[in-house]
Each structure stands twice: as C-alpha cells, then as structure tokens.
Amino acid sequence: MITARDLKLPALMLAGALSLAAPQAFAADEETAPKGAAVTVFKAAKSCFGNNVEVSGTIIAREETQVRPERMGLKVAEVLIDAGDTVTAGQTLARLTLPEGGTVLVQAPVAGLVSASTAAVGAMASGKGEALFSIIARSEFDLVGLVPTRDIAKLQINQNARIKVIGAGEVDGRVRRLSTTVEPNSQLAQVFIAVTTNRRLLVNSSGRAQIKTGQSCGISVPLTAILYGNAGTVVQVVKRQRVETRRVETGLMSQGQVEIREGIVEGDIVVARAGALLREGDPVRPVMVASDAK
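Residues numbered from 1 in each chain as written. Predicted model: local features only at pLDDT ≥ 70, side-chain atom pairs only at ≥ 80, totals over all residues. Heavy atoms only, no water.

Engineer: Kindly report on a nonpolar patch on the surface, identifying the contributing residues and their values.
Structural biologist: A surface patch of nonpolar side chains, about 330 Å² in accessible area, is lined by L223, Y228 and M253. Within the secondary structure, Y228 is located in strand 16 (residues 226–229). (Patch = residues over 30% accessible without salt bridge, like charges linked within 9 Å, V, L, I, M, F, W, Y side chains within 5 Å. Areas by Shrake-Rupley, 256 points an atom, 1.4 Å probe, with all protein chains shown as cover. Salt bridge = Lys/Arg side-chain N within 4 Å of Asp/Glu carboxyl O. Helix = DSSP H or I, 4+ residues; strand = E, 2+ residues; numbered from the N terminus.)

Rendered as structure tokens:
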C-alpha cells in the first residue's frame with residue numbers, strides 16, 4: 001500500500017535538487033556577467049546646430065562728409081558743436097567772420113554724428129584747407145571684414161548678424177554688401193555688415209559678427225565623446241555591457257557639442273568621455289547620466 005509519506009518523499013528530493021542547482025546557476029551568471037570599469041554614458045539624442053559664418057573686422061563709417069566754408073580768408077568766430085555731438089541737417093555748426101566784416105554760418109549738410117572737428121576760435125578757415133568738421137552721415141556704421149571663399153558663398157544680402165563690438169557690447173546687424181572678388185594670396189573676400197544700433201560706436205574699433213546662414217539637425221554628442229586617431233574619427237558605445245567602437249562622420253560644432261551625421265543613431269548608449277584605455281570588447285559597467293549633465 002502507498003502511504004502519504006511515500007508520496008512526499010519524491011517531492012522533497014526534487015526540492016533539494018533544485019536548491020542545490022540554484023546557487024550553481026547564480027554563480028555561473030556571475031562568472032559570465034562583464035566585470036569592468038565604471039564608465040559614464042548617455043543616450044544619443046537629436047539636436048539642431050546653427051550653420052554660422054564668423055566675420056572679424058573693423059568698425060568704419062559708412063559715409064563721412066567733410067564740412068568746409070565755400071570761400072577763402074574766413075576766421076572762426078564761434079564754435080557751436082564739438083566732436084561726438086549728433087546734429088541734424090541744416091544745423092549751424094560754427095560762425096565765421098569775413099575780412100571785410102559780416103558773418104558766414106557753417107551748417108551741417110546731412111544729419112549724423114560729428115566724428116571730428118578742427119574748428120577753433122580765431123583760426124583761419126578755407127574752402128580748400130582742412131575740413132572744419134567731419135560728419136558720419138545718418139550715424140551709420142559698417143563692420144568690414146574678411147571671410148574665406150568657402151564661406152562667402154553661404155552669405156546673402158540682408159542676412160541677420162549678431163555683432164560683438166569692443167567697448168559697445170553686442171549689437172544687431174545685417175549683411176549689406178559682398179565683395180565680387182577675392183584677395184589672390186589669402187583667398188579671402190570682403191564683406192560689409194551694416195550695424196543697427198543707437199549706441200555710439202568708435203571708428204576703427206574691433207568687432208566680430210556671427211551670421212546664421214542655416215541649420216542642420218542630427219545626433220549631438222559632446223566633444224569629449226569623440227576620439228581622433230589612425231582609424232579615423234570614432235565614438236565608443238556600450239552594447240551588452242561591452243565597448244563597441246564606431247567610426248563616425250562629424251558635422252557642425254557649437255558650444256562643446258558636435259553633430260554626428262553618420263555612425264550612431266538616436267538611443268545609442270555613448271561613452272561620455274572616450275579614451276584610449278577602453279578597447280573594442282572591453283567589459284564595462286555603464287553609469288547613465290542625463291543628456292544635460294554630460
């Protein structure tokens with residue numbers, strides 16, 4: 001007769017066998033799991049990069065008018081305007097006296113900024129001598145600079161620009177004129193950028209313009225994730241807890257980020273700080289960080 005005790009015995013033997021096998025399986029999993037260095041990684045994501053052309057140059061007056069009296073033998077009796085003043089068209093700048101008596105008024109032919117003045121009470125003034133006043137017409141300035149021929153093709157009239165002018169901060173501008181020739185030795189072309197501001201600028205001060213000519217959207221990685229070597233440009237990714245090396249094609253760069261046009265896709269796990277110590281197939285322990293913390 002089969003008793004209840006006889007039925008329990010095989011079940012107990014099976015449970016004992018399973019309990020012995022479990023630690024062995026766990027140990028085998030531990031042996032096959034990669035045990036490598038901890039590396040900081042992030043998920044590759046898409047981003048857009050501005051395609052900018054940079055122009056470094058000098059601030060110049062777009063149009064400067066020289067003011068002189070129309071006749072000879074005059075003497076400056078009164079100066080009403082100094083350099084740095086803004087004047088309107090027809091405004092009196094100085095009063096001159098004639099040798100035979102009488103007064104002649106010197107007036108501004110255009111509105112603008114008085115950039116220089118040689119007028120001094122008692123000094124002689126002549127229609128052929130040194131100008132009494134120089135006026136920057138309508139207070140208009142240009143940034144004139146040079147760009148490589150590869151960039152001049154990207155520029156168009158009226159493109160917006162952001163200009164940093166020494167002593168005046170950032171001001172707006174737009175492309176006003178492009179050169180039709182290049183300097184044969186340097187292969188640089190000239191570009192004129194109209195400065196749009198009410199601030200007072202100094203002629204011959206230095207400036208740098210950023211002109212946005214378009215944008216390109218692709219995968220974005222930090223510069224630290226890229227390695228340059230004999231194998232070309234590569235990025236290290238982590239797949240199944242091991243390092244894989246991918247050759248990539250880079251594009252635009254902005255604020256420490258590089259556009260990847262080919263080689264990795266959105267969602268790939270990328271090593272944030274690639275290095276020569278990590279080789280193809282190395283086991284690693286990835287530590288994920290947010291995209292804005294890499």
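Engineer: Let's hear about the environment of L278: which residues, and what values?
Structural biologist: Residue placement: L278 occurs in the loop between strand 21 (269–271) and strand 22 (284–288). Considering only alpha carbons, one finds L278 and Q236, 42 residues apart in sequence, at a separation of 8.3 Å. Non-local contacts of L278, meaning those with residues more than four positions away in its chain, are made with V39, Q236, V243, V271 and V284. (Contact = heavy atoms within 4.5 Å.)

Engineer: Hey, could you go over the state of the cysteines for me, with residue numbers and the actual values?
Structural biologist: Tallied over the entire structure, the rule returns one disulfide. For C48, the disulfide goes to C217, at an S-S distance of 1.8 Å. Across the S-S bond linking C48 and C217, the dihedral sits near 100 degrees, which makes this disulfide right-handed. Residue C48 is found in strand 2 (residues 45–61), and its partner C217 is found in strand 15 (residues 206–222); the two are separated by 169 residues along the sequence. (Disulfide = S-S within 2.5 Å.)

Engineer: Go over the pattern of salt bridges with me, naming the residues and quoting the values.
Structural biologist: With the rule as written, the count across this model stands at 15 salt bridges. Residue D142 pairs with R62 through a salt bridge whose shortest N-O separation is 3.2 Å. Of this pair, D142 sits in strand 11 (residues 141–148) while R62 sits in the loop between strand 2 and strand 3 (64–67); the two residues are 80 residues apart in sequence, bridging distant segments of the chain. Classification of D142 by relative accessible area gives buried; the value is 1%. Between K164 and E170 there is a salt bridge, with its nearest N and O atoms 3.9 Å apart. Classification of E170 as partly exposed rests on a relative accessible area of 34%. Each member of the salt-bridge network shares a partner with another, and the members are R62, E63, R138, E140, D142 and R176. (Buried < 20%, exposed > 50% of the residue type's maximum accessible area, 1.4 Å probe, protein only.)

Engineer: Pulling in residues and values, what's your account of the pairing of strand 18 (residues 242–247)?
Structural biologist: As paired elements, strand 17 (residues 232–239) and strand 18 share six bridges and run antiparallel to each other. Residue pairing in the sheet places Q236 in a bridge with T245 of strand 18. Between strand 17 and strand 18, which pair antiparallel one after the other, the connecting turn spans two residues, and R240 there sits at a positive phi close to 55 degrees. (Pairing = 2+ DSSP bridges.)

Engineer: Which residues make up the sheet that holds strand 6 (residues 92–97), and what are the values?
Structural biologist: What holds strands together in a sheet is hydrogen bonding between their backbones, with the strands either parallel or antiparallel. Here four strands make up an open sheet; going across it, the order is 7-6-4-9 and the pairing antiparallel. The sheet is open, and its two borders are formed by strand 7 (103–107) and strand 9 (124–125), each paired with just one other strand. Summarising the sheet, strand 6 and strand 7 pair through five bridges and their orientation is antiparallel. Bridge pairing in strand 7 links L96 to V104.

Engineer: Lay out the packing of aromatic side chains in plain terms, naming residues and giving numbers.
Structural biologist: For the coordinates displayed, the defined rule picks out zero aromatic pairs. For R177, the ring lying beneath its charged end belongs to F192, and the centroid distance is 3.9 Å. (Phe/Tyr/Trp six-rings, centres within 6.5 Å; stacked < 30°, edge-to-face > 60°. Lys NZ or Arg CZ within 6 Å of the ring centre and 35° of its normal.)

Engineer: Summarise the sheet that holds strand 3; cite the residues concerned and give the values.
Structural biologist: Taken together, the four strands give an open sheet; going across it, the order is 3-10-8-5, and neighbouring strands pair in antiparallel fashion. For this open sheet the edge positions go to strand 3 and strand 5 (86–87), each flanked by a neighbour on one side alone. Both strand 5 and strand 8 (residues 112–117) contribute to a ladder of two bridges, which runs antiparallel. Looking at the pairing, V87 lines up with G112 of strand 8.

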